[in-house]
Amino acid sequence: MACLLGNGLLAQIYLLFLLLDAGSHVQPVHGGLRAEGLVEGTTEVISHSQGLVARLEGLLVLGNNSDISLRVETVDADEVKVIQAHMLVLSLQSRVFEEMLRNRNSSTLVLRETAECTAVFEKFIRYLYCGELTLQLDQATPLHRLATKYGISSLQQGLTQYMSQNLASDSLGGHVVGWYQYAVSVGDTALKDNCLQFLSWNLSSVLQSAEWPSVSVELLITLLQRSDLVLKNELELFEALETWLTQNDPDTLTAENALRLVRYAMIPPRELFRLQRQSPVMTRYHESVRDLLYMSYQFHSASPLQLAKFFDVNCSLFVPRNYLSPMWGSQWIISNPARDDRSTSFQTQLSPSGFDSSKRVTWNALFSPRWLPLSLRPMYTEQGAMQPPRPDGGNGIARPRIIITPATSSADFAGVSFQKTVLILTKQKNKLVVRHIFGFHQSTEEVGDFLAGVDLQYRTSEYLVDGSLYLHIIVKPIYQTLIATKK
């Protein structure tokens, strides 16, 4: 359960309080200072906002001095709710209400809402009076819908923030997919982008959730097109797509378009053979993906240099996603990351190709919690005198740094370049989720903005899990550079 607060509500409806309770007196503030105790020239604030909110809530609950009845009728149902309200409050908070009240024909305003919105309508009206409300996950969407419909921007923004901060929360049937599709329907770009990022960076858990079959065609295609998906491997994605197709039974064109977005070249040949023999979906749509399977088998049987002579390798079929399989990286948990430099080593397969299945690359990773850019380090003259650091517009504060380099070079590297990716995992709602992804340019050994501005000194940092920094390093072999050498 969460609480949302409004901005500027008390100032807006202070006039109402005076009008409805003109005979009341201002009650003393507990702990207030007497005039003789003030130092000359100082300013103090005397507030009775809590008492004011309580009085306004009382007006709503008791219906005192009510001048309008809100009759909330449920669409496609017989449920009706009647709320005694005050036109001044409604008009101050909502231009939509102001217009409706101006054009009303009686002392009753009839509103038609869905069953979900009707269920939370009293909470919504209470927010207009008190500037706050409590809610649960399943109430966020109908409240957001009401805030959007009646133009309550403060509530709308507060709910968008609440939903963005609770994407990792547990719910019986899942909620992120529903929130994404709702955000698309109402045009909430911030919420849509936050949901899509969460779905992409934590896709494995989504694929196994009860809400996966409810993914819309638009969202399915959007996800399948992305290269930043974080999941175990490409086979996991195909099997999840198979489940979606089986349960939704879309039209042939939709099914073919989705299946052609699977990166079959990233699936080992033995698994491709198994899918061709055992997958009902593959059997049904085999002709639609025959060319992709053929190219994938060719990919697994030749070296990258040979492959580039016959195929355009600058296509998504040959680009790995962010696979969590040990074949492509390693998790690295750094306890007390602000203490000193750390290093680790791990191995990856040279490339996703079956041709290179027995070849390994050893990588060295160095983490430094307090690296100072070269432009900010002290300089020494030929006589040994120390010069002040060169100005570069920075704040001069050391920042975390990570460097990833191959332990050896090899002729096998010909035709293969490596994209290094670092996932930062944090705990949200007692669940490990990917918070940020840092990508290295192919020709560099480190990323310039790695954890820039993040203070790792505090164990309570939102980037740490129980005082430790959780990283997952992924090395993605890519062949795009071969295009330049093609004739």
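This structure is a prediction, so every number in the text was calculated from the model and none was measured.

Novice: I'm lost on the overall build of the chain in this one. Help?
Specialist: The helix and strand tally for the chain stands at 18 helices and 16 strands. Counting across all 487 residues of the chain, residues that qualify as buried make up 46%. A fraction of 69% describes how many contacts in the chain between residues 6 or more apart in sequence connect residues 24 or more apart. Per element, the accessible surface of the chain, about 25,300 Å² overall, is 51% carbon and sulfur.

Novice: What should I look at first to understand the nonpolar core in this one?
Specialist: As a rule of thumb, soluble globular proteins bury nonpolar side chains together. Counting 121 residues, the largest nonpolar core has Phe97, Phe121, Phe124, Ile125, Tyr264 and Phe450 as the members making the most contacts within it. With residues up to four places along the chain from it excluded, the contact list for Phe450 reads Phe367, Arg399, Pro400, Arg401, Ile402, Val422, Ile424, Phe438 and Leu471. Counting residues in hydrophobic clusters, the runner-up holds nine residues, among them Trp201, Leu423, Val465 and Ile474.

Novice: Is there a simple way to think about the pattern of salt bridges in this case?
Specialist: Pairs may arise between side chains of opposite charge once their charged atoms sit close together. Counted by the stated rule, this structure contains 19 salt bridges. As a salt-bridge pair, Asp170 and Lys431 come within 3.1 Å of each other at their nearest N and O atoms. With Asp170 in the loop between α8 (153-165) and α9 (176-186) and Lys431 in strand β15 (residues 431-439), the pair connects residues that are 261 residues apart, well separated along the chain. On the accessibility criterion, Asp170 (60% relative accessible area) is exposed. Lys431 sits in the partly exposed class, given a relative accessible area of 30%.

Novice: Please clarify how the environment of Leu272 should be interpreted in this entry.
Specialist: In this structure, Leu272 sits in helix α15 (residues 269-278). Relative accessible area serves as the criterion here: at 1%, Leu272 is assigned to the buried category. In contact with Leu272, not counting residues within four places along its chain, are Tyr264, Ile267, Leu293, Ser296, Tyr297 and His300.

Novice: Mind showing me how you'd approach the sheet that holds β15 here?
Specialist: What holds strands together in a sheet is hydrogen bonding between their backbones, with the strands either parallel or antiparallel. With antiparallel pairing, the four strands of this open sheet are ordered in space as β8-β16-β14-β15. Strand pairing shows two members of the sheet lacking a second neighbour, β8 (329-335) and β15, which therefore form its edges. Sheet twist, expressed as the mean angle between neighbouring strand axes with direction ignored, is 25°. Pairing analysis gives seven bridges linking β8 to strand β16 (residues 468-478), with the strands arranged antiparallel. For Trp332, the partnering residue across the bridge sits in β16 and is Leu471.

Novice: Any chance you could explain the sheet that holds strand β4 (residues 108-113) here in plain terms?
Specialist: One open sheet holds the three strands; their spatial order is β3-β2-β4, and the pairing between them is mixed. Both edges of this open sheet fall to β3 (80-85) and β4, since each of them pairs with a single strand only. For this sheet, the mean angle separating the axes of adjacent strands, direction not counted, is 20°. Direction of pairing for strand β2 (residues 68-74) relative to β3: antiparallel, over a ladder of six bridges. Bridging across to β3, Ser69 finds its partner in Gln84.

Novice: Quick question: what am I supposed to make of helix α17 (residues 286-301) here?
Specialist: One full turn of an α-helix is made of 3.6 residues, so residues set three or four places apart face in the same direction. With 16 residues, α17 extends 21 Å between its outermost C-alpha atoms, agreeing within 8% with the 22 Å of an ideal straight helix rising 1.5 Å per residue. Approximately 30° is the largest bend angle found in α17, and it occurs at Leu292.

Novice: What's the story with the side chain of Glu234 in this structure? I'm lost.
Specialist: Within the secondary structure, Glu234 is located in helix α13 (residues 234-248). For Glu234, the side chain forms a polar contact with the side chain of Tyr323, separated by 2.5 Å. Every residue in contact with Glu234, bar those within four places of it in the chain, is listed here: Val262, Arg263, Met266, Ile267, Arg321 and Tyr323.

Novice: Before we go on, may I ask you to explain the pairing of strand β14 (residues 417-428) in this structure?
Specialist: Remark: a regular strand shows side chains that alternate across the two faces of the sheet. In terms of residue burial, β14 counts as a mostly covered element, since 10 of its 12 residues are buried. As paired strands, β14 and β16 are joined by nine bridges and run antiparallel to one another. Bridge pairing links Ile424 to Leu471 in β16. Two strands pair when backbone bridges link them, and β14 and β15 are joined in this way by eight bridges, in the antiparallel orientation.

Novice: Could you clarify how one ought to interpret the confidence of the model for the chain in this entry?
Specialist: A low pLDDT means the predicted coordinates there should not be read in detail. On average, residues of the chain score 83 in pLDDT, and 79% of them are at 70 or above. Low pLDDT (under 50) marks residues 18-36, which in the prediction has 13 contacts with non-local residues, meaning those over four places away or in another chain. This model gives residues 386-396 a pLDDT under 50, and the stretch forms 17 contacts once residues within four places in sequence are excluded.

Novice: Sorry, what's going on with the packing of aromatic side chains here?
Specialist: Note on aromatic pairs: each is described by the distance of the centres and the angle between the planes. By the definition in use, this model includes nine aromatic pairs. Relative to Tyr150, the ring of Phe124 has its centre 5.6 Å away and its plane inclined at 35°; by these criteria the two rings are tilted. Here Tyr150 lies in the loop between α7 (140-149) and α8 and Phe124 lies in helix α6 (residues 121-130), a separation of 26 residues in the sequence. Considered together, Phe124 and Tyr150 belong to a single accessibility category, that of buried residues. Here the aromatic rings of Phe273 and Tyr297 are separated by 4.9 Å at their centres, their planes lie at 25°, and the arrangement is stacked.

Calculation criteria
- Residues numbered from 1 in each chain as written.
- Predicted model: local features only at pLDDT ≥ 70, side-chain atom pairs only at ≥ 80, totals over all residues.
- Heavy atoms only, no water.
- Helix = DSSP H or I, 4+ residues; strand = E, 2+ residues; numbered from the N terminus.
- Buried < 20%, exposed > 50% of the residue type's maximum accessible area, 1.4 Å probe, protein only.
- Contact = heavy atoms within 4.5 Å.
- Areas by Shrake-Rupley, 256 points an atom, 1.4 Å probe, with all protein chains shown as cover.
- Core = buried A, V, L, I, M, F, W, Y, C linked by side-chain atoms within 4.5 Å.
- Salt bridge = Lys/Arg side-chain N within 4 Å of Asp/Glu carboxyl O.
- Pairing = 2+ DSSP bridges.
- Axes fitted to C-alpha atoms, helices over the stretch in contact; angles between N-to-C directions.
- Expected span 1.5 Å × (residues − 1).
- Bend = angle between axes of the 7 residues up to and from the residue.
- Polar contact = N/O pair within 3.5 Å; in protein donor to acceptor, adjacent residues only side chain to side chain.
- pLDDT = per-residue confidence, 0-100.
- Phe/Tyr/Trp six-rings, centres within 6.5 Å; stacked < 30°, edge-to-face > 60°.

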